Amino acid sequence: MSRRLLILGSTGSIGTQALDIVQRSDELELVGLSAERSWEQLVEQARAFGVGRIALADTDAGAQAAEAWTEGEVLVGAEGLVRLVLESGADLVLNALVGSAGLGPTVATLGEGIDLALANKESLVVGGELVTQLAEATGAQLIPVDSEHSALHQLISGERPGAVDKLILTASGGPFRGRTRAELEGVTVEQALQHPTWAMGGKVTIDSATLMNKGLEIIEAHHLFGTSYDDIDVVVHPQSIIHSLIHLCDGASLAHLGYPDMRAPISYALHHPERVDVPIRPLDLAELGSLTFEPPDAEAFPCLRLAYEAGRARRHRAVRPQRGERDRRPRVPAGPPVLPGDPGGRRGHAGAAGRAPGARVRVALRGRPRSPRGRGRARRRRGGHHMSWILAFLGFALLIILHELGHFTAAKMVGMRVERFALFFPPLIARKQRGETEYAIGAIPLGGYVKITGMNPEEEIDEDVVDRAYYRQPVWKRIFVIGAGPAVNLVLAFVILWGIFMFEGRQLVTPTIEQVNRDTPAASVLEPGDRIISVDGVPGYSADATPEQLEERATEVRAAISGDRTCSTAPRQDCAATKPVTIVYERDGEQQTAQITPKFDEQADRFLLGFAFGQQQDDVGPVQAASLSVTGMWTVTRLTVENIVKLFYDGEARKQVSGVVGSYEATRQSFEFDAVQALTILALISLSLGVINLFPFLPLDGGHIFWALAEKVRGRPIPIGVMERASFVGIMLVGFLFIVGLTNDVGRITSGEGFGIR
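Residues numbered from 1 in each chain as written. Predicted model: local features only at pLDDT ≥ 70, side-chain atom pairs only at ≥ 80, totals over all residues. Heavy atoms only, no water.

A. Local environment of the overall build of the protein chain. Across its full length, the protein chain carries 24 helices and 21 strands. Counting the 758 residues in the protein chain, one finds 53% classified as buried. In the protein chain, once contacts between residues fewer than 6 apart in sequence are set aside, the share between residues at least 24 apart is 69%. When the accessible surface of the protein chain is totalled, it reaches about 33900 Å², and 56% of it is carbon and sulfur. (Helix = DSSP H or I, 4+ residues; strand = E, 2+ residues; numbered from the N terminus. Buried < 20%, exposed > 50% of the residue type's maximum accessible area, 1.4 Å probe, protein only. Contact = heavy atoms within 4.5 Å. Areas by Shrake-Rupley, 256 points an atom, 1.4 Å probe, with all protein chains shown as cover.)

Right under this line is the structure:
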């Protein structure tokens, strides 16, 4: 089965060589091309490969291309590049753009869960962890095209976590290798463009002459492989035969060798994990005779040193990563109305900024999903987009039908007359009469309703059905009928959550380290897999503790790390605590003790060491699953009520509300990622509908129940005028929630923020 390939930057050096590979491959189908301003060459490529859509970043070039080429569509500007990514239907995008202009298409590609062959190193230099977190979140593969990083990708992929001690990038030294700083003062651009071994584009060639390109590659390797800058070295290798090396924990070193030809790493990225024939002659070591190596001259070429300094100071980061965002399922920032975000993100965190390596060098590459499930999500995301709309629609329709079915069934059970059962609100687009009840479908998918004869006390009713009218029934029957709708929502939420706990179990935080964040106090001492036995005497892991006890201890350990510590001055980002933490940990069966000084983190507003606890799967039985479901439902119910109250005085709380559009879209995106996630959200929406409907305000179900009880206490019917005036409060509340939710939904759409990961 062929892969649908989109090439961004197809008129450049990487792009033209990629087209040569496409021409020779039966496994690649070209679906789009882009360039900066070389519109004539781009049009020629589109005609040669039968491509129907192209994009040009330069507006004038785009206009000329559109005038000269009428066989397809021409997209223009940065927006056009992103549209090309989103609408081309590509399975794989080769980003060979030059400079930081490549970041937008990179984010768009990974945000859609599309695999990315990355030749634009600036995407990682500028975007940093924004890029790698997107790849991890969506399960998209991130395959480097740079020869050095492609070599590392191939070398590391066969090693277990913790086996790689150091990465070595090779540099040819460029045309000015061996010159002193004084000798470099009179060099020309023409001389800088004469690279001794590689044929590359102008910018990369100039950057290679100054070793700036190698500096950018250090930062790129840091992000691609989760490696500390202390574990990335550079060696000058004039022949450019060895592209990279890795040093292993057992003293061995592995190297990737080959003649300097970019078609090899390009082909590897486009066909990964397979390999195909490329017309490059095999390496002849006897012909080469010898390979030489030397350290880089940091005085003559200061760009290399500056890159290390910038990387360590994190000055290259475009954003500060969010602490503890480590669940690859989509965040649901605005699920059901006034419901809090994803309740499942409970993974323990005791770290500072950054996504930690699995060891000093993380062998679980960011360039590929870490599990088959992650890769499956990416495929579902690309292939199941339309199905997710259908599933989300059916899910919402089911919630509405079951809610109204509760009213309907209860009314029939107690002998009330049901005139209409409607899915969605009028105008009606379909209806069918069966017996005394009309079954209908409305055009506005915002809810549904059951019309019972006599809901309005002043309604004129035929004599033959007056005894079956709603307000002619005893109070208990009215409460039974009205309460049946929310009751179905609550029962449905319970059943879904109970089933999830039964079949999926639960995830409990355990005081065993899963990740150690680079450049943090813990990085020099702790490693993934270490068990925290105690922190300042507060107990952590013990073999005889139950899973619940371990989770409780993990929380206590996190609290002990911050404790009552202070900085020597007013707390500020990364200031060291005046008192270290005494930590006892177990590694390979042996206990060790260390003192580590935490640093203050402004976003977390506490002191952190820089590691994250892992989770363990805990299977539960039917009774425990029921208990967990009830506990979770009560927590969500309490938060729902609290958040509704906050809406009237807390502007930030209002921003978190979503209407029907946002809830529907969040559910749709969840179906793309994970069925369990989608079912959880549907359960929470069902619970939210049940809880909100029980608020004691007309026209909500709770309002009808409240006034029925008031009638029972009063001993006679409540005047309709009183209820109409009281219903004004409920109508205002429902209207307020609707307007706030709709306003937020529209704002998220028009601003491009969206409703989930993008």
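B. Molecular detail of the packing of aromatic side chains. Under the defined criterion, the tally for this structure stands at 8 aromatic pairs. Where F421 meets Y439, the ring centres are 6.3 Å apart and the plane angle is 40°; that geometry is what we call tilted. Residue F421 is found in strand β12 (residues 418–434), and its partner Y439 is found in strand β13 (residues 437–452); the two are separated by 18 residues along the sequence. Members of the aromatic cluster, joined through ring pairs, are F408, F421 and Y439. Residue placement shows R281 over the ring face of Y259; its charged tip is 4.2 Å from the ring centre. (Phe/Tyr/Trp six-rings, centres within 6.5 Å; stacked < 30°, edge-to-face > 60°. Lys NZ or Arg CZ within 6 Å of the ring centre and 35° of its normal.)

C. How the structure looks around the pairing of strand β9 (residues 232–236). Burial analysis of β9 places 4 of its 5 residues in the buried class, the great majority of the element. Pairing of strand β8 (residues 164–171) with β9 involves 5 bridges; the strand directions are parallel. The partner of I168 across the bridge, within β9, is D233. (Pairing = 2+ DSSP bridges.)

D. Looking closely at the state of the cysteines. Per the stated rule, a full pass over the model turns up 1 disulfide. Across a sulfur-sulfur distance of 1.8 Å, C567 and C575 are joined as a disulfide pair. Disulfide C567-C575: torsion about the S-S bond near 60°, hence right-handed. The class of C567 is buried, set by a relative accessible area of 7%. (Disulfide = S-S within 2.5 Å.)

E. Local environment of the nonpolar core. If you look at the biggest cluster of nonpolar residues, it comprises 52 residues, and the most contacted ones within it are L6, L8, L167, I218 and I246. The dominant element in this core, judged by the number of residues it contributes, is helix α11 (residues 212–225), at 6 residues. Core analysis: the next-biggest nonpolar cluster, separate from the first, contains 34 residues, A18, L56, A96 and V145 among them. (Core = buried A, V, L, I, M, F, W, Y, C linked by side-chain atoms within 4.5 Å.)

F. View of the confidence of the model for the protein chain. Overall, the predicted model of the protein chain reaches an average pLDDT of 81, with 83% of residues at or above 70. This model gives residues 751–758 a pLDDT under 50, and the stretch forms 31 contacts once residues within four places in sequence are excluded. (pLDDT = per-residue confidence, 0-100.)

G. Region of interest: helix α12 (residues 263–271). With 8 of 9 residues buried, α12 is to be regarded as a mostly interior element. Along α12, the residues classified as buried are R263, P265, I266, S267, Y268, A269, L270 and H271.

H. Fine view of the sheet that holds strand β7 (residues 142–144). With respect to topology, 7 strands assemble into an open sheet ordered β4-β3-β2-β1-β5-β6-β7, the strand pairing being parallel. Looking at strand neighbours, the two that pair on one side only are β4 (73–76) and β7, the edges of this open sheet. Taking each pair of neighbouring strands and ignoring which way they run, the sheet shows an average axis angle of 20°. Across 4 bridges, the pairing between strand β5 (residues 92–95) and strand β6 (residues 115–118) is parallel. Each bridged residue has a counterpart across the sheet, and for L94 the counterpart in β6 is A117. Along the sheet, helix α3 (residues 59–68) makes contact with β3 (53–56) and β4, crossing β4 at roughly 170°. (Axes fitted to C-alpha atoms, helices over the stretch in contact; angles between N-to-C directions.)

I. Examining the sheet that holds strand β10 (residues 242–248) more closely. The strand order across the open sheet formed by 4 strands is β9-β8-β10-β11, and the pairing between neighbours is mixed. The open sheet has two free edges, formed respectively by β9 and β11 (253–257), since each of these has just one partner strand. Going across the sheet, the axis of each strand differs from the next one's by a mean of 20°, ignoring polarity. On top of the sheet, helix α8 (residues 147–156) reaches β8, β10 and β11; it is set at about 40° to β10, its chief contact.

J. Structural context of the pattern of salt bridges. Counted under the stated rule, the structure contains 34 salt bridges. A salt bridge links E586 to R531; the nearest nitrogen and oxygen atoms lie 3.3 Å apart. Here R531 lies in strand β15 (residues 531–535) and E586 lies in strand β17 (residues 581–587), a separation of 55 residues in the sequence. Here R531 falls in the partly exposed class, since its relative accessible area comes to 31%. (Salt bridge = Lys/Arg side-chain N within 4 Å of Asp/Glu carboxyl O.)

K. The arrangement of the environment of I143 in detail. Positionally, I143 belongs in strand β7. Once the C-alpha coordinates of I143 and Y268 are considered, the two residues, 125 residues apart in sequence, prove to be 8.8 Å apart.

L. Broad picture of unusual backbone geometry. Residues P426 and P427 are joined by a peptide bond in cis, for which omega reads 10°. Tracing the chain through its elements places P427 in strand β12. Cis geometry is found at the peptide bond from L698 to P699, where omega equals 10°. With a phi angle near 55°, D588 is a residue other than glycine that sits in the positive phi range. Turning to its location among the elements, D588 is positioned in the loop between β17 and β18 (590–596). A residue is classified by how much of its surface remains accessible, and D588, at 78% relative accessible area, is exposed.

M. Region of interest: the packing of helix α2 (residues 39–49) against α3. Axis separation between α2 and α3 bottoms out at 9 Å; the angle between their running directions is 40°. Taken together, the axis directions place α2 and α3 in an arrangement best described as oblique. Regarding α2 and α3, the two cross each other, and that crossing is right-handed. Between α2, through W39, V43 and R47, and α3, the contact on the second element is made entirely by A61, Q64, A65 and A68. In terms of residue class, the contact of α2 with α3 is built from 5 nonpolar, 1 polar and 1 charged. (Parallel < 35°, antiparallel > 145°, perpendicular 65-115°, else oblique. Left-handed = near helix turned anticlockwise from the far one by under 90°. Nonpolar A, V, L, I, M, F, W, Y, C, P; charged D, E, K, R; others polar.)

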